[in-house]
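# Structure assessment
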Amino acid sequence: MKLTVIGTGYVGLVTSAIFSHLGHQVIGLDIDEKKIKSLKQGKIPIFEPGLEEFIFKSLRRKKLQFTTDYSQALKGVDVVFICVGTPSKKDGSYDSKFVYASAESIAENLQNYAVIAIKSTVPPSTTNAVKKIIQQKTSVKFDIASCPEFLREGSALDDALNPPRIIIGTETKKAENILIKLHQKIKAPLVATTPQSAQMTKYASNAFLATKISFINSIAILCDKINADIKDVTKGLGLDPRIGQSFLNAGLGYGGSCFPKDTWALISFAKKLGYDFNFLKQVDQVNQDQVEYFISQIKSLYSNSLKGKILTILGLAFKPNTDDIREARSIPLIKQLQKLGAVIHVYDPVAMSHAKKILKNVKFFDSEYTALEKSNGLVLVTEWNQFKKLDLKKVKKLMNQPVILDGRNLFSPQKVKSLGFKYIGIGRQ
Ligand code: UDX
């Protein structure tokens, strides 16, 4: 089938990569000429394991092309995926201006019937708005649809090729059949529904996962107060099949481009519908408070004074295997520690170039070990695999004070304490 993917950001590139890999003829379109020029050479602007190879192979097999030209991109197309960005507005709602702009360009250049499916995360009312924009500008027949993505950064290709489910929201049987055919080679349960339900599924999924994280973080705080261990509690909790083990890792809370933005957008969308989504507001508040809680724990280890203390932050990315620092917990944590007078050393395997644009008066190092020299505390913020394998005996010799402040519960408290470190985790004993 012939597929056009509008937008070559994270979702657009992964979508282009996997559908061209599955044998479809894909055109990736972006209005940014510079980006398209480097994509044509197989250079991708984001860090995602395996993505560059996938794109390169598809370019070589001539299954994938990139262009800035809508008219060329839409010639003979079966399905158009809208994958443009939806940044947050000040009130937390999504700004759909890029979605609407792409709808206008699609309408001006559509030459034959196609299914126009929105992949960008948008409020359920957007499909109707997009449909109206296109209908006003063209007499060419089309169907509108919603095909939300559930990709996790760092494992996006695997998530897209082996998803737990595929959600297809359409208004006609014809569009539904076309989208089912497009996804044929992906073996996963498929839910065929309306565009509104498809988009609500996406919102609800992210809000529910964010809820799990804030819930377990609240339980972890209680564990700290009664000397219980959150790892044992979650193990016992998760063995109930109705609850499950996943997304119950207590820590500094969630960040990234989806959970914070999608919860704010759902709160704002609910408000517009006349519903006060108080419950989700609390989920967000707990997440924001988690950094404060960790800082209060850190302070208690240094007799409430961090002035002049060198704290080494290991990990800046919002999670491992990505260079993304959007809404990363590292940013408010570092800023707050600086306000309290701490001297900040940092190391992250891939996210430092982005962080340099945001963080001021921070010393960046090119390895975890150099960053830990003369440090008063190791503050673990992102659980990169290489930090799991730290040579802790060597670390202890490098540091001024053997203290581990574990914001992701990465280390075993017993092990690090037996090596002579003072240790604080989140809900750990
Ligand atoms: C998420 C969803 O998982 C994905 O389905 C959706 O389409 C986009 O948003 P992503 O943002 O890439 O994906 O990351 P994810 O792996 O879900 O982690 C999000 C955040 O939650 C990270 O900051 C992570 O550290 C945190 N997290 C996750 C926890 O604090 N505890 C957990 O148990 C799991």
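About the thresholds
Residues numbered from 1 in each chain as written. Predicted model: local features only at pLDDT ≥ 70, side-chain atom pairs only at ≥ 80, totals over all residues. Heavy atoms only, no water. Helix = DSSP H or I, 4+ residues; strand = E, 2+ residues; numbered from the N terminus. Rg over C-alpha atoms; globule rule 2.2 N^0.38 Å. Buried < 20%, exposed > 50% of the residue type's maximum accessible area, 1.4 Å probe, protein only. Contact = heavy atoms within 4.5 Å. Areas by Shrake-Rupley, 256 points an atom, 1.4 Å probe, with all protein chains shown as cover. Lys, Arg positive; Asp, Glu negative; His and termini not counted. Charge placed at Lys NZ, Arg CZ, Asp CG, Glu CD. Patch = residues over 30% accessible without salt bridge, like charges linked within 9 Å, V, L, I, M, F, W, Y side chains within 5 Å. Salt bridge = Lys/Arg side-chain N within 4 Å of Asp/Glu carboxyl O. Near = heavy atom within 4 Å. Polar contact = N/O pair within 3.5 Å; in protein donor to acceptor, adjacent residues only side chain to side chain. Core = buried A, V, L, I, M, F, W, Y, C linked by side-chain atoms within 4.5 Å. Domains from an automatic or database assignment. Buried area = accessible area lost by both parts, 1.4 Å probe. Pairing = 2+ DSSP bridges. Axes fitted to C-alpha atoms, helices over the stretch in contact; angles between N-to-C directions. Expected span 1.5 Å × (residues − 1). Bend = angle between axes of the 7 residues up to and from the residue. Phe/Tyr/Trp six-rings, centres within 6.5 Å; stacked < 30°, edge-to-face > 60°. Lys NZ or Arg CZ within 6 Å of the ring centre and 35° of its normal. 1 Å grid on protein atoms, 1.4 Å probe; cavity = no way out; pocket = protein on both sides within 12 Å on 5 of 7 lines; lining within 4 Å. Points joined across faces, edges and corners; volume = space filled by probe spheres on them. Nonpolar A, V, L, I, M, F, W, Y, C, P; charged D, E, K, R; others polar.

## Here's the deal with the overall build of the chain
The helix and strand inventory of the chain stands at 18 helices and 14 strands. For 429 residues, the compact-globule estimate of 2.2 N^0.38 gives 22 Å, and the C-alpha radius of gyration of the chain, at 24 Å, lies within 12% of that figure. With the C-alpha coordinates of the chain rotated into their principal frame, the extents come out at 70 × 45 × 40 Å. The buried share of the chain, taken over its 429 residues, is 54%. Partitioning the contacts of the chain with sequence separation of at least 6, the portion at a separation of at least 24 is 73%. Accessible surface, the chain as shown: approximately 19,400 Å² in total, 53% of it carbon and sulfur. Taking the average location of the 61 positive side-chain charges in the chain and that of its 38 negative ones, the two points are 2 Å from each other.

## Considering a positive patch on the surface
Side chains of Lys57, Arg60, Arg61 and Lys185 sit close together on the surface and give a patch of like positive charge. Note on placement: Lys57 falls in helix α3 (residues 51-60).

## Observations regarding the site of the ligand
Within the structure, the ligand sits among 19 residues, and Phe150, Glu153, Asn249, Phe318 and Lys319 are positioned closest to it. Contact distances for the ligand include 3.0 Å between an oxygen atom and a backbone N or O atom of Gly255. In the environment of the ligand, an oxygen atom lies 2.9 Å from a nitrogen or oxygen atom belonging to the side chain of Lys319. Relative to its free-state accessible area of 660 Å², the ligand is covered by the protein chains to the extent of 92%.

## Some thoughts on the nonpolar core
Judged by nonpolar contacts, the single largest core of 59 residues is most densely connected at Ile313, Leu316, Leu333, Leu337, Leu378 and Phe411. Core analysis: the next-biggest nonpolar cluster, separate from the first, contains 37 residues, Leu22, Ala145, Leu151 and Leu182 among them.

## Considerations on the domain arrangement of the chain
Its domain assignment divides the chain into domain 1 (2-194) and domain 2 (226-424). The C-alpha centroid of domain 2 is placed 34 Å from the C-alpha centroid of domain 1. Of the roughly 1,300 Å² buried at the junction of domain 1 and domain 2 (both faces included), carbon and sulfur atoms supply 55%. On the domain 1 side of the contact with domain 2, Phe47, Tyr94 and Glu153 bury the most area, a combined 46% of that side's loss. Taken together, the links from domain 1 to domain 2 amount to one salt bridge. Taking the shortest distance from any N to any O, the salt bridge between Arg326 and Glu153 comes out at 3.8 Å.

## Comments concerning the sheet that holds strand β4 (residues 79-82)
Reading across from one edge, β3-β2-β1-β4-β5-β6-β7-β8 is the order of the eight strands in this open sheet, with mixed pairing throughout. In this open sheet, the two strands that pair with only one neighbour each are β3 (64-67) and β8 (190-193). The sheet shows a mean angle of 20° between the axes of neighbouring strands, taken without regard to direction. As defined by bridge partners, strand β1 (residues 2-6) adjoins strand β2 (residues 25-29) across five bridges and the pair is classed as parallel. Bridge pairing links Thr4 to Ile27 in β2. In the packing of helix α5 (residues 97-109) onto the sheet, contacts are made with β1, β4 and β5 (114-118), and the angle to β4 comes to roughly 155°. Packing of helix α9 (residues 195-226) onto the sheet brings it into contact with β5, β6 (142-146), β7 (166-170) and β8, and relative to β7 it is tilted by some 145°.

## As for the pattern of salt bridges
Under the defined criterion, the tally for this structure stands at 14 salt bridges. Residue Glu104 pairs with Lys137 through a salt bridge whose shortest N-O separation is 2.9 Å. Highlighted residues: Glu104 in helix α5 and Lys137 in helix α6 (residues 126-137), separated in sequence by 33 residues. Each of Glu104, Glu108 and Lys137 takes part in salt bridges that share partners, so that together they form one network.

## Some details on the sheet that holds strand β14 (residues 422-424)
Taken together, the six strands give an open sheet; going across it, the order is β11-β10-β9-β12-β13-β14, and neighbouring strands pair in parallel fashion. Strands at the two margins of the open sheet, each flanked by one partner only, are β11 (363-364) and β14. Against the sheet, helix α12 (residues 278-301) contacts β12 (377-380), β13 (403-406) and β14, and its axis sits at roughly 170° relative to β13.

## Quick word on α12
Taking 1.5 Å as the rise per residue, α12 with 24 residues should run 34 Å; its terminal C-alpha atoms sit 35 Å apart, in good agreement. Where α12 bends most, the angle comes to about 30°, and this point is Asp289. By the burial criterion, the buried members of α12 are Leu280, Val283, Asp284, Asn287, Gln290, Val291, Tyr293, Phe294, Ile295, Gln297 and Ile298.

## Focus on the packing of aromatic side chains
Summed over the entire model, instances satisfying the criterion amount to seven aromatic pairs. Residues Tyr203 and Phe269 carry aromatic rings whose centres are separated by 5.9 Å and whose planes lie at 20° to one another, so their mutual orientation is stacked. You can see Tyr203 sitting in helix α9 and its partner Phe269 sitting in helix α11 (residues 259-272), a full 66 residues away along the chain. Take Tyr203 and Phe269: they sit in the same class, and that class is buried. One residue, Arg165, lies across the ring of Phe150, its end atom 3.8 Å from the ring centre. A cation over an aromatic ring shows up here: Lys394 above the ring of Tyr369, its NZ or CZ 4.0 Å from the ring centre.

## So, the layout of surface pockets
Within this model, the second largest pocket holds a volume of roughly 230 Å³. Lining the second largest pocket are 14 residues, with Gln288, Val291, Glu327, Arg329 and Pro332 sitting closest to its centre. With five residues, the single largest contributor to the lining of the second largest pocket is α12. Each residue belonging to the lining of the second largest pocket can be placed in one class, and the counts come to five nonpolar, three polar and six charged.

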